[in-house]
Amino acid sequence: MTGAGRTDKDAAGTGPAGTDSADTAVLSPSGPSDPLAPAEPAPAAARRATLALARTEAWRLARHPLVLLALLGTVVTLFLPGEGPDAYPVLHYADQDAQLGALLVGLAGMIATNSATLRAHRHGTDRQFDVLVLAPHRRTLARVLAALPLALAVALLTLAAYLRDALRPGAVGQGSVAELLTGPVVVLCLCALGVLLGRLSRSALLAPLVTLLLITVTFVFVGAPEGSAWLAPTVPSLAPEPQPAALLGRPAGWHVVYLLAIAVLCTAAAGWFSGSRGRLVRSVLIGALVVAGTAGALQTRGPSAELTADRERATNDPAAVQDCVRHGRTTYCAYDDYLPRADEWHAVTEAVRTLVGPPAREAPRTVRQRVDAVGAPEGISMKPADDAGTVGTAWGETDTELEFAASFSRSLVLDDDPPAAGRYCDSRNVLIGWLATAATDTTDVLPGLQEQTERMLRELLRQPTDEVTQRVRQHLTELTRPGVSAERTAELLGVSPPAHAGTTSSSAC
Amino acid sequence: MPAGRADVRGRAPTASGAGTRARLVAVLLRTESRALPWRSPLAAALVGLLLAAVPWAFAPELDQGVRLNVLRATALCGALAAAFLLDDPARHTTGAVPVPRPLRQALRVGLVLPVAALWWAAALLLSQRGDAAVRAEGLPYGAVTLEAATLCALAVALSAGVVRCTGVCAPGAGVGGAVLALVVVVMALQPDGFELFVPLRDPRWEVAHQRWAVLLAVAVLGWAGCAPDPVRRLGRRRG
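Residues numbered from 1 in each chain as written. Chains lettered and ligands numbered in written order. Predicted model: local features only at pLDDT ≥ 70, side-chain atom pairs only at ≥ 80, totals over all residues. Heavy atoms only, no water.

## Some remarks on the overall build of chain B
Right, so step 1: Helix and strand content of chain B: 10 helices and 0 strands.
Right, so step 2: Its helices and strands taken in sequence order, chain B reads α-α-α-α-α-α-α-α-α-α from the N to the C terminus.
Right, so step 3: The buried share of chain B, reckoned over its 239 residues, is 44%.
Right, so step 4: Across chain B, contacts joining residues at least 24 apart in sequence account for 77% of those joining residues at least 6 apart. (Helix = DSSP H or I, 4+ residues; strand = E, 2+ residues; numbered from the N terminus. Buried < 20%, exposed > 50% of the residue type's maximum accessible area, 1.4 Å probe, protein only. Contact = heavy atoms within 4.5 Å.)

Written out as structure tokens, the structure is:
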């Protein structure tokens, strides 16, 4: 009889609070016609009992090992410093950061609520529940309500992570409420699904199997975050670089409505399968089905023709959509969300100007932000910019700063050269590489340089900056001329000449 | 039938002849095949096959990299099914029979193994249907099979561990969740120096599959270690 003690505890439901309220529920005065059937409690008492059961279940849900693990994983990924450009977050992307963690918490919650729904069956205590006064559909409802605190916890984590990003001085853009809501709503939706699965089948395998299916759909089958991809619980952004907010085209609002409707649908269906087939449940079922279908259809329409045209224009004719701001001799033109970064860019351009010295430093220049919003296939690059230096939408990593400094240096010292391929193979490359590294105050060099150029550059960087600056200013005109040989470059800059003289002396790569 | 079973069980402790052992196995094969939980694992296997067929049915142009991940999902379905293999609601009544537990567990695995092999072959075939150009790229079947076998062996070993260390009759659900969680954690972290789920044509492919082989050995040894009945009861007995 070792199992007896446990069976009693489980038959009680679900813990002391649930039992107390259910036991003290006032029997309705009219009384049932069948003296053996359990009496329906008065509505207020039934509500109290439901809430009490929900509280107990919520506490048990929070202590489920998988839920704890998922919560821990979410906290670790959100709040442990990673290697990303943490200091310069783009807020209309930062609002999605918590969604992956929320999906995992939701999946863990689904397995946990499913296991809670099947607990009585597992311990062979179904029959005891039949004599309890709390009706099955109320117990079902309580199990869904128990997911609310978990959803709230995820909402708080999401908000905390977002606020931390939003309060950073380097933050740009603006988050969307719908994106922030997606995480907690996913948790709610999946927990409701777990309850429904428990009502549909007593198999303990179903919830892990559905979890696996959802993971596969979200991470293996879904490609670009457009169209039918939005039927998945969460849709990660796959853009390699941040886009302007206006070009995102993420139907996050409809997605939240869709998820909420599915949560309601699952709850109502679970109620239906636990025997509550009144008019209310039926109308909620139909209503939720209609809303889920509508929102689902609206969110999967894909980008509108207008948005596609906007993306095309923003990519190939950025001047038409950008705002400009002038700092000293430099004008910065950027998509309006990114304009606050002009101060950061200005620090770099001023450093380049200082290194170059008069008269070149006085020339007015423009910096233009570029982004590939159409997702051009590899090999087809964007139309080259006008005479301006270009800057991307990412910021805060050494590589992006170096690329920007190099681009600005190019526009400053090689003004009459069309920046055709963006790369040179003569003295100009060494000069630009040195200006970029010296202006950004790093020890790295531009990625993707030729071996010989990189060797010269590293030797140059080992010398005192003041001396190199003097030589650069003195020979600027010659260094910026096309086709200067590597030997001559080495001589002008005061570094050792290349080992294999004559092999790469022309400007051809 | 019942008389025969009682007869075999009654004589088992003293009998040592090979003939008796063979008869014992023959009888147990029938009883274990009836005691095996067939329905849930079959459902999982079916879902796995459906997953493997998705590229063929909906996107024949999907490349081998995606197909590899789909096959991994199929293998996980198999692992979920394998987690339920040692579920035995009658565990506490069979605890007293003189047939050692390793034999009963081995019989269960042996019964399922041919079915599982057929299933996996079908999954591999299904995953390769579709675009001829994609098929020409080829997929390292051996390595993928190693991954699948390891995942399933891990699930069985974990179930055996739960059976050994607790009085739980049906470890399947818990172990299934644990296997899923384990895989998600490994995929999410991709710990440096312990990558397991590497993409195709990755330089770490070879090393990763040596790790898989080690894991398979550990799982099999773990199962072998957990299969025998403990001399003394560990943990508390549950109901």
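## Structural notes on the overall build of chain A
Right, so step 1: On a plain count of helices and strands, chain A comes out with 22 helices and 4 strands.
Right, so step 2: Classification of the 509 residues of chain A by burial places 48% in the buried group.
Right, so step 3: Long-range contacts, defined here as pairs at least 24 residues apart, represent 73% of the contacts in chain A between residues at least 6 apart.
Right, so step 4: Surface accessibility of chain A: about 23700 Å² in total, with carbon and sulfur atoms responsible for 60%. (Areas by Shrake-Rupley, 256 points an atom, 1.4 Å probe, with all protein chains shown as cover.)

## Re the side chain of His209 of chain B
Right, so step 1: Inspection of the secondary structure puts His209 of chain B in helix H10 (residues 205–226).
Right, so step 2: Since its relative accessible area comes to 8%, His209 of chain B is described here as buried.

## What about the interface of chain B and chain A?
For interface size, the figure often reported is the accessible area lost on association.
Right, so step 1: Facing the 23 residues of chain B at the interface are 18 residues of chain A.
Right, so step 2: The junction of chain B with chain A conceals about 1700 Å² of combined surface from both sides, 87% of it contributed by carbon and sulfur atoms.
Right, so step 3: Counting across the chain B and chain A interface gives 0 salt bridges.
Right, so step 4: For the pair chain B and chain A, the number of links is 1 residue pair in polar contact (both at pLDDT 80 or more).
Right, so step 5: Among the secondary structure elements, those contributing two or more residues to the side of chain B that touches chain A are helix H3 (39–58), helix H4 (64–83) and helix H9 (172–189) of chain B.
Right, so step 6: Among the residues making up the side of chain B that touches chain A, the classes are represented as 18 nonpolar, 4 polar and 1 charged. (Buried area = accessible area lost by both parts, 1.4 Å probe. Salt bridge = Lys/Arg side-chain N within 4 Å of Asp/Glu carboxyl O. Polar contact = N/O pair within 3.5 Å; in protein donor to acceptor, adjacent residues only side chain to side chain. Nonpolar A, V, L, I, M, F, W, Y, C, P; charged D, E, K, R; others polar.)

## Observations concerning the environment of Leu216 of chain B
Residue and element names in this part refer to chain B.
Right, so step 1: Mapped onto the fold, Leu216 is located in helix H10.
Right, so step 2: C-alpha separation for the pair Leu216 and Ala148, spaced 68 residues apart in sequence, amounts to 9.8 Å.
Right, so step 3: Residues within four places of Leu216 in sequence aside, it is in contact with Leu146, Ala149, Thr150 and Ala153.

## Points about a nonpolar patch on the surface
Right, so step 1: A surface patch of nonpolar side chains, about 530 Å² in accessible area, is lined by Leu69, Leu72, Val76 and Leu80 of chain A together with Val185 and Leu189 of chain B.
Right, so step 2: It is helix H4 (residues 65–79) of chain A that provides the largest number of residues to the nonpolar patch, a total of 3 residues.
Right, so step 3: Assignment of secondary structure puts Leu189 of chain B in helix H9.
Right, so step 4: For Leu189 of chain B, a relative accessible area of 59% translates into the label exposed. (Patch = residues over 30% accessible without salt bridge, like charges linked within 9 Å, V, L, I, M, F, W, Y side chains within 5 Å.)

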